[in-house]
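# A closer look at the structure
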Amino acid sequence: MVLALVLSGAVVALVLLGLFVFGLRRRLIQRSGGTFDCSLRWDVPEGEPEPSGKGWIYGVARYSGDRIEWFRVFSYAPRPRRVLERSAIEVVARRTPQGEEELALLSDAVVLGCTHRDTRLELAMSEDALTGFLAWLEAAPPGQRVNVA
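Here goes a summary of the coordinates provided. As the structure is a prediction and not an experimental result, all values here were calculated from the model.

### Structural notes on the overall build of the protein chain
Of regular secondary structure, the protein chain possesses three helices and eight strands. Listed N to C, the secondary structure of the protein chain is α-β-β-β-β-β-β-α-β-β-α in terms of helices and strands. Computed over its C-alpha atoms, the radius of gyration of the protein chain comes to 19 Å, more than 25% above the 15 Å expected for a compact globule of 149 residues. Dimensions of the protein chain along its principal axes, counting C-alpha atoms only, are 70 × 35 × 25 Å. Counting over 149 residues, the protein chain shows a buried share of 34%. Considering only residue pairs separated by 6 or more positions, the protein chain has 53% of its internal contacts joining residues 24 or more positions apart.

### Concerning the pattern of salt bridges
All chains considered together, the criterion is met by eight salt bridges. For R86, the salt bridge goes to D66, with nearest N and O atoms at 2.3 Å. Here R86 is found in the loop between β5 (82-85) and β6 (89-95), whereas its partner D66 is found in the loop between β3 (59-64) and β4 (67-72), with 20 residues between them in sequence. Residue classification places R86 among the buried positions, given a relative accessible area of 8%. Accessibility expressed as a relative area gives 33% for D66, which makes it partly exposed.

Conventions we followed
- Residues numbered from 1 in each chain as written.
- Predicted model: local features only at pLDDT ≥ 70, side-chain atom pairs only at ≥ 80, totals over all residues.
- Heavy atoms only, no water.
- Helix = DSSP H or I, 4+ residues; strand = E, 2+ residues; numbered from the N terminus.
- Rg over C-alpha atoms; globule rule 2.2 N^0.38 Å.
- Buried < 20%, exposed > 50% of the residue type's maximum accessible area, 1.4 Å probe, protein only.
- Contact = heavy atoms within 4.5 Å.
- Salt bridge = Lys/Arg side-chain N within 4 Å of Asp/Glu carboxyl O.

Here you go:
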């Protein structure tokens, strides 16, 4: 009986510790400011007739100079999973979530189709975050090309 209580207490403590570390990691990512919720779908197949809800990963993006660092929400990794450089991002489309995507994304999301170094990707973010993202893209230093559709 005592052993069962000790094991149960240890399991509860580990779960609470895991949740605390998730919260602490997100707080550290957001500490420097310039973050927004952003789902990512990497290496999107070309000519997809109707987008599916598959492949979307929920994350947090952070502006860092001329780059955007994208972190998975459900991860303990301290480093960004993807880094997108402003000069390599080309916006090719903008749309609302369709079909199963409406279930996979946040309710107010707008999907932005982009290319980054010949890799097709999609970013889903709120309308406010999209306005900031497009302003950040267009605010590139003189001499850099900006491709916004």
